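Each chain is listed here by its residues.
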Amino acid sequence: MRPLLSECKATGKAEPLFFCPCKTTTMKHLNLKDLENKNHKLMNDLQTSFERENELFKMSVMASTNLTLAMQKHNQIEMKLNKTRKQTLLILALFLQSFLAFAENITEKSSVADSLLIELRALPHDTTRLKLLEKLVLTEQNSPHYIEYAEEMFNEAQYQKNPKYICSSTYFKILYYYNKNEVDSVSKLVNYVKPIAERMEFFRLYFNAQKLLIYTYTYKEKYEYAINESLKMLEKAEELNNTDGRIAAYSCLASAYHETNRTKEEGEALRKAHKYVSEQTTSSTQFNVLNQLIVFSKDQKDYSSLKTYLKENKQLLQKMLSLDPDMYESYFNLYLFSEIFQTYYYTGIGKTDSAKYHIEEAQDFITPQSYIPYMALYYDASAEYYRHTKDYQA
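Each value, and the rule that gives it
- Residues numbered from 1 in each chain as written.
- Predicted model: local features only at pLDDT ≥ 70, side-chain atom pairs only at ≥ 80, totals over all residues.
- Heavy atoms only, no water.
- Helix = DSSP H or I, 4+ residues; strand = E, 2+ residues; numbered from the N terminus.
- Buried < 20%, exposed > 50% of the residue type's maximum accessible area, 1.4 Å probe, protein only.
- Contact = heavy atoms within 4.5 Å.
- Phe/Tyr/Trp six-rings, centres within 6.5 Å; stacked < 30°, edge-to-face > 60°.
- Lys NZ or Arg CZ within 6 Å of the ring centre and 35° of its normal.
- Salt bridge = Lys/Arg side-chain N within 4 Å of Asp/Glu carboxyl O.
- Axes fitted to C-alpha atoms, helices over the stretch in contact; angles between N-to-C directions.
- Parallel < 35°, antiparallel > 145°, perpendicular 65-115°, else oblique.
- Expected span 1.5 Å × (residues − 1).
- pLDDT = per-residue confidence, 0-100.
- Arc of directions from axis to C-beta.
- Core = buried A, V, L, I, M, F, W, Y, C linked by side-chain atoms within 4.5 Å.

1. Points about the overall build of the protein
Phase 1: Along the backbone of the protein there are 15 helices and two strands.
Phase 2: Per-residue burial for the protein yields a buried fraction of 43% across its 394 residues.
Phase 3: Of the contacts made within the protein by residues no fewer than 6 positions apart, 59% connect residues no fewer than 24 positions apart.

What follows is the structure, encoded as structure tokens:
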């Protein structure tokens, strides 16, 4: 094979490329120092390339790490939001028990508190005084003076050594501290009243007090302990053949199961509670179970069941109001709850006109005294409706 030719600038002759005497790049006249310099430059370039690749790798790792951390942070935020939603649902379900314990017995409006206090001064230290104090406590349930009246009733009951009113006044105090989330006070009062209630066979109060205590365990995330205590309560209710106890136990179990994502067990417990509720005439117990079922059905997107329980809830409200029309304003929180979940229901099945109607209806029951978790749910239900209708400017 003939070598390639190149013209030599010095001689003007065509020389083979590799043997041209004037070409510094030929093997014939290759300068070793230049070779070393080129080799050194090549090594430097290679080192720089390695350093750049290493830097890019580090940046890639850092970006990947940041992305992982961001995803973890997102997941943590999402978990916190889900937990907050669940706790809100739990709180509102539990709140019904305390609210209805009052609402069921209120016969006077808070505007009569002054006249009751005047009347109280003239009464002797007997059961008439205790009855009036009880009416005052129930009437002033939303007043900052409520706990003062409950304490006065408790002290009067102790003075008269009346176990019935000792129990009821203690239960009013339990409700107060329960709503304040003061677990130690709740525990102390429940342990105080249970032996008295059991001795006097006031089993409805006995089991309701125990239920509030177990609810505090659930809210404080002591789930397994709450379940164990609920099962003990159920065992005692079975021994006594007491329906109130069975309902209370199954309600507590359902709440603990809800918080631990045991959906199947939660549904079973609620259905059992609902079955026993049919044997009851106590509105507070019926509302408590119905509203737990409403929350559960909405959470499971079981719109058929949600429709059924909302209908039962509405009928119960109408029945209560027909018995005492003056209680209408006292039931505003219950009506607000109903309208909120009607909104969820109609949004869920795609009937946005009906959902909008219930959003507007709910506004009629919002007052400065509206329960905070209900307001949180109201805004959540409204947001869900607007997302569904893609009305992002609302």
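Once you've had a look at it, read on.
2. Re the packing of aromatic side chains
Phase 1: Taken as a whole and judged by the stated rule, the model has 19 aromatic pairs.
Phase 2: Their ring planes at 80° and their centres at 5.1 Å tell us that Tyr176 and Tyr177 sit as a pair that is edge-to-face.
Phase 3: Clustering of aromatic rings is evident, with ring pairs tying together Tyr328, Phe332, Tyr335 and Phe365.
Phase 4: The ring of Tyr344 carries Lys298 above its face, with NZ or CZ at 4.2 Å from the centroid.

3. A short note on the pattern of salt bridges
Phase 1: Counted by the stated rule, this structure contains seven salt bridges.
Phase 2: As a salt-bridge pair, Arg129 and Glu156 come within 3.6 Å of each other at their nearest N and O atoms. On the criterion of sequence distance, the pair formed by Arg129 in helix α3 (residues 127-139) and Glu156 in helix α4 (residues 146-160) is long-range, its members being 27 residues apart. Both residues of the pair, Arg129 and Glu156, count as buried.
Phase 3: Note that Asp244 and Arg204 form a salt bridge whose closest N and O atoms lie 3.3 Å from each other. Of this pair, Asp244 sits in helix α9 (residues 243-259) while Arg204 sits in helix α7 (residues 203-219), and the two are 40 residues apart along the sequence.
Phase 4: Given the relative accessible area of 14%, Asp244 is considered buried.

4. So, the packing of α7 against α9
Phase 1: Orientation of α7 relative to α9, taken along the N-to-C sense of each, is 5°, at an axis distance of 9 Å. Relative to α9, α7 is oriented roughly parallel. Touching Arg204, Phe207, Lys211, Ile214, Tyr215 and Thr218 of α7 are Asp244, Gly245, Ala248, Ser251, Cys252, Ser255, Ala256 and Glu259, all from α9.

5. Details of helix α11 (residues 283-299)
Phase 1: With 17 residues, α11 extends 24 Å between its outermost C-alpha atoms, agreeing within 8% with the 24 Å of an ideal straight helix rising 1.5 Å per residue.
Phase 2: Burial of α11 is extensive: 15 of the 17 residues sit out of reach of the surface.
Phase 3: Downstream of α11 by one or two residues, Lys301 has phi in the positive range, about 55°.

6. Re unusual backbone geometry
Phase 1: The phi dihedral of Lys161 falls on the positive side, at around 55°, and the residue is not glycine.
Phase 2: Mapped onto the secondary structure, Lys161 falls in the loop between α4 and α5 (163-179).
Phase 3: Judged by its relative accessible area of 71%, Lys161 falls in the exposed class.
Phase 4: One non-glycine residue, Asn181, lies in the positive phi region at around 60°.
Phase 5: Along the polypeptide, Asn181 turns up in the loop between α5 and α6 (183-199).

7. Describing the confidence of the model for the protein
Phase 1: Summing up the model confidence of the protein, the mean pLDDT is 79 and the portion of residues at 70 or higher is 71%.
Phase 2: Within the protein, no element has a lower average pLDDT than strand β2 (residues 14-16), which sits at 43, and none a higher one than helix α8 (residues 223-240), at 96.
Phase 3: Here residues 1-30 is a poorly scored stretch, pLDDT under 50, and it has 36 contacts once near neighbours within four places are set aside; other chains count.
Phase 4: Taken as a whole, residues 102-109 scores under 50 in pLDDT and shows 21 contacts with residues more than four places along the chain or in a different chain.

8. Thoughts on helix α2 (residues 113-121)
Phase 1: Every buried residue belonging to α2 is among Ala113, Leu116 and Leu120, and all of these are buried. For α2, the angular spread of the buried residues around the axis is 60°, confining them to a single face. Set apart from the buried face of α2 by more than 90 degrees, the exposed residues are Asp114, Ile118 and Arg121.
Phase 2: The inward-facing, buried residues of α2 contact α3 and α4.

9. Here we look at the environment of Cys252
Phase 1: With respect to the element layout, Cys252 can be found in helix α9.
Phase 2: Those residues in contact with Cys252 that lie beyond four places of it in its chain are Lys211, Ile214, Tyr215, Ser230 and Met233.

10. What about the nonpolar core?
Phase 1: Grouped together as the largest cluster of nonpolar side chains are 95 residues, with contacts concentrated most on Phe172, Ile174, Tyr331, Ile340 and Phe341.
Phase 2: For this core, the leading source of residues is α7, giving 10 residues.
Phase 3: Sequence-distant contacts of Ile340, that is, excluding residues within four places in its chain, are made with Tyr374, Leu377, Tyr378 and Ala381.

11. Describing the environment of Phe341
Phase 1: Tracing the chain through its elements places Phe341 in helix α13 (residues 332-348).
Phase 2: A C-alpha to C-alpha distance of 7.9 Å links Phe341 and Lys298, two positions 43 residues apart in sequence.

12. Description of the side chain of Arg246
Phase 1: With respect to the element layout, Arg246 can be found in helix α9.
Phase 2: Dropping the residues within four chain positions of it, Arg246 is found in contact with Leu234, Ala237, Glu238, Asn241 and Tyr276.

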